[in-house]
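# Examining the three-dimensional arrangement
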Amino acid sequence: MDRTLAEARHVIVADLGFGDAGKGTIVDWLTGRVAATARPAARTAAVLRFNGGAQAAHTVVRADGRSHTFAQFGAGTFAGVPTLLTRHALVDPLALAREAAALAALGVPDPLDLISVDRGALITTPLHAAVNRAREAARGGAAHGSCGIGIGETVAYALAHPDLALRAGDTESPARLRRRLLALHDWATTTIHALTATPPQGEWLAGRDIAGPHAGSRGGERLAGRQRAGLPAAAGGAEALPDVEELIRAYRAFARRIRLTGDGEVARLAAAGRLVFEGAQGVLLDEWRGFDPHTTWSTTTFANALELLAEAGVDAGDVCRLGVTRTYATRHGAGPFPSEDPSLAPLLAEPHNGTGRWQGAFRVGHLDLVLLRYAVAVCGGADALAVTHLDTAATAGDRLKVATAWRAGGTRITRLRPGPFTDLTHQRRLTDLALAATPELVAPARSWPALLTDELGVPVAVTSWGPRSGDKHPPTMDFSSTREDRGRVPVP
Amino acid sequence: MGSGRWSHDAYDAAAAYRARTGRDAFDYDAGIRASRRRQDWTAHPDLDPYGVDVRESRDSAEHPESLAVAVLFDVTGSMGYVPRRLQEKLPQLFDLLLDRGYVAHPQLLFGAIGDATCDRVPLQIGQFESDNRMDEQLGRILLEGGGGGQKTESYELAAYFMARHTSIDCWEKRGKRGYLFIIGDELNYPRVYARGANAPVTGYDRGGRRGVAEVIGDRLQDDIDTRDIYAELREMYDTYYILPSGTSYAGDRQVLDHWRGLLGQNVIELDDLDAVSETIALTVGIGEGTIGLDDGLADLRQQGSTAGRSVERALATLAHPAPRDRAASGDRAAPHDRAASGDRVASRDGRGGDRGGRVPVARRSVTRRRDTRGARWV
């Protein structure tokens, strides 16, 4: 696997930070750019989502001023490229219909025709969301900063009840759909009752409910890890639970309208053209490689996409693993952030990321090479980089620094060692380390792309000078050079 | 998203998914009518039977035991408002079959029948589908509304196509017949004409009669007796005729007798058009032995359907003998005549008479022609 963006047939786009680096605009650029080129073989056949669910927020601004924050639709939608939600993604049919309506209002013809969903994809229901909000409310001051739409609950429930988890394919069978929704309803009723009726004390979750019989399994470990973090405080108010019959009607309509796919779909699409895998969140939030417990219930590295491509029989040499990073670091929600510098916020325009209702404030800091090196390492390497927000960096000028190392407990740290896979104890140690670390900040001596290429050993394939597709372009200079910036200017 | 929002979301989502978008609404019909003169009307390419080798219903990993269910309806003028109502109602059929577990893996095909003597588009046949694409095909059917005044339509051409140009795994792999429903109000022509006649027979189009050669593209040596083609068809499909109210010949004795002559007791009079999907679903369910009539009617009531009484009346003749005993014994309830059942069992081993291997249909010769030329036809 050593392909540049131009040579590779398929591209996997992953965020090397905590999210919000600009995957959406890169995917929009990739799909739109190739759609405009003459070679049909290079056309993007589909954008594939390989992690996360409706909580994704990938904002794309088009040249004509249209803007949409993509959640379940891929960011290639404006370019007319269809989206496949693979079995690693989660689907929320109710939110999907809303998003389709929003896209239709923006002039996308028949958006629902552009979506297909693997039968194995988990479904996020309002039942999961209700439990999510009840749990978050019960945590009080120790809230996780969840999005409040039930993504984590959906994954947790599926890990605890693999035979009862609701998947997209279940909507095709009314009997199975009903059975599973009723089970979900029972679970939600019991769980919310436990959260609201009896004010929980201490580690009340441990060994109870979904974690119980699965402790020690992968699911149990994950559950235990998550639960350690949240010490519930006051009980929240109960909300009316969704009516199962109403949901059945909606999900049956979903099954009738949306194309559901099975094995072989990725191979079929790969034969038809280029595949662009659009990651959600960021590598540093990865469920196993992130700073536990401030992680997402999702594999955010290239792993899922590579697995899908391998199953489809795609030669690994045909794949470009594209890591995306801003020229500075951001973080939405709680968790360690060594290079955080709130004084940068006024310099760094952030039109699309406000303070989240459930997630908390949007945080900014300096580019952190320690974290980036770690991200590339846990990804198993990357083939190319996309560097975004060069325009913001140009505006901020020399106020933006680079963290080349951390100082913690008298030690200078330049690299974080990836631990054994799925060892959450190791991840907790990294979290503690990051919380205690002070960054060594230096002024960048070279252009951002040159600096990143040198420090990470990965060539820069795309630079982005603004939110629009036209603001991106492949670099023309040799970034392995250490010469001073050649005075690059944004291309209008 | 806050609490209390979910119910709106669920309602809105259901509506959004059900909403027909511009492309698959019934606008093929409207578009053709608006933009072309009648003599230029054509079938949608997806539905044009000309040159089609086979329409297939196939097993797959996702649908390991597919069951072919075809619904063809008359779209000529004598049907009145019925075709439009059918076009609106039939999308429910798939849900009905699945919702109560009547059939695990139905694959549905829709088609439309006109009059090859005077219509521009005498036959339209979609593809067997097991997802929402069948709705698109239903929406692309051109409701020509033509036909002549002679009380006959080209049902026999449709029967010929279904008998010779479909290939269904339920039959070919498992010896299990598919289901075919023909909804109409008139008689078959006495013969499947091999080719057209130059002389205009009747009607206002003056185009003259067209035959298999012109409509489907096969070159037959001779015409086929309509009774023979139905006999051939019934080897592969449990075939039903539905005469709905609201059509010109609803309740017409001659029409009913004609169809009973072809299909035995598989003739259904339907007095409430809105119950068409329920009628078909229950017929299939009873045929599959997954439901008895009483249970099926109870299902309908439970769903709040008002179609129960119409369906009950419509299916009263089919439900004898009581199918539940047969279902309980593990055998498949057979509302159709017994002789056909015997055929089915026999053909399970030997793959059934002359419908053995996959003969290229266009070249298949007519072997079943009997001496019926002089016979009086209805």
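Treat the numbers as computed from the prediction; the structure is a model and nothing was measured.

## Quick notes on the overall build of chain B
- In terms of regular secondary structure, chain B is built from 15 helices and twelve strands.
- Taking contacts inside chain B between residues at least 6 apart in sequence as the whole, the part at least 24 apart equals 80%.
- Roughly 14,800 Å² of accessible area belongs to chain B as shown, and the carbon and sulfur atoms make up 47% of that amount.

## Focus on the overall build of chain A
- Helix and strand content of chain A: 13 helices and 19 strands.
- Considering chain A as a whole, with its 492 residues, one finds that 61% of them fall into the buried category.
- Long-range pairs, those at least 24 residues apart, make up 78% of the contacts in chain A with a sequence separation of at least 6.
- On chain A, roughly 17,600 Å² of surface is accessible, and the fraction owed to carbon and sulfur atoms is 54%.

## So, the nonpolar core
- Met-162, Tyr-230, Trp-259 and Ile-280 of chain B are the most contacted members of the largest nonpolar core, which has 90 residues in total.
- The greatest single-element share of this core, amounting to eight residues, is contributed by helix α6 (residues 155-164) of chain B.
- For Met-162 of chain B, the residues in contact, after removing those within four places along its chain, are Ala-70, Leu-72, Leu-109, Ile-125, Phe-128, Leu-180, Leu-233, Met-236 and Tyr-237 of chain B.
- In this structure, Val-11, Val-276 and Ala-386 of chain A together with Ala-13 of chain B belong to the second largest nonpolar core, which totals 69 residues.

## Focus: the UniProt feature "active site" (unreviewed entry) in chain A
Residue and element names in this part refer to chain A.
- Per the UniProt record, "active site" (unreviewed entry) is found at Asp-20 and His-58. Look at the named residues: they lie 39 residues apart in sequence, but the longest C-alpha span between them is just 7.6 Å, so in the fold they bunch up. Lining the largest cavity, from the set of annotated residues above, are Asp-20.
- Position of Asp-20 relative to the elements: it lies in the loop between β1 (10-15) and α1 (23-36).
- With respect to the helices and strands, the residue His-58 is situated in strand β3 (residues 58-61).
- Using a relative accessible area of 6% as the deciding quantity, one classes His-58 as buried.

## Examining empty space enclosed by the protein
Residue and element names in this part refer to chain A.
- Going through the model one piece at a time under the given rule, you end up with eight cavities of 30 Å³ or more.
- In this model, the largest cavity occupies a volume close to 150 Å³.
- Lining the largest cavity are 17 residues, and of these Gly-17, Thr-325, Tyr-328, Ala-329 and Thr-330 sit closest to its centre.
- Those elements that place two or more of their residues in the lining of the largest cavity are β11 (319-326), β12 (328-332), β13 (362-368) and α10 (369-378).
- It is β12 that provides the largest number of residues to the lining of the largest cavity, a total of three residues.
- The class makeup of the residues in the lining of the largest cavity is nine nonpolar, four polar and four charged.

## Describing the side chain of Glu-440 of chain A
All names here are of chain A.
- In this structure, Glu-440 sits in strand β17 (residues 438-442).
- Side chain to side chain, Glu-440 and Arg-412 meet in a polar contact 2.8 Å long.
- With residues near it in sequence (within four places) discarded, Glu-440 still touches Val-402, Ala-403, Thr-404, Ala-405, Arg-407 and Arg-412.

Rules used in this analysis
Residues numbered from 1 in each chain as written. Chains lettered and ligands numbered in written order. Predicted model: local features only at pLDDT ≥ 70, side-chain atom pairs only at ≥ 80, totals over all residues. Heavy atoms only, no water. Helix = DSSP H or I, 4+ residues; strand = E, 2+ residues; numbered from the N terminus. Contact = heavy atoms within 4.5 Å. Areas by Shrake-Rupley, 256 points an atom, 1.4 Å probe, with all protein chains shown as cover. Buried < 20%, exposed > 50% of the residue type's maximum accessible area, 1.4 Å probe, protein only. Core = buried A, V, L, I, M, F, W, Y, C linked by side-chain atoms within 4.5 Å. UniProt positions renumbered as here; feature names shortened; annotations may be inferred. 1 Å grid on protein atoms, 1.4 Å probe; cavity = no way out; pocket = protein on both sides within 12 Å on 5 of 7 lines; lining within 4 Å. Points joined across faces, edges and corners; volume = space filled by probe spheres on them. Nonpolar A, V, L, I, M, F, W, Y, C, P; charged D, E, K, R; others polar. Polar contact = N/O pair within 3.5 Å; in protein donor to acceptor, adjacent residues only side chain to side chain.

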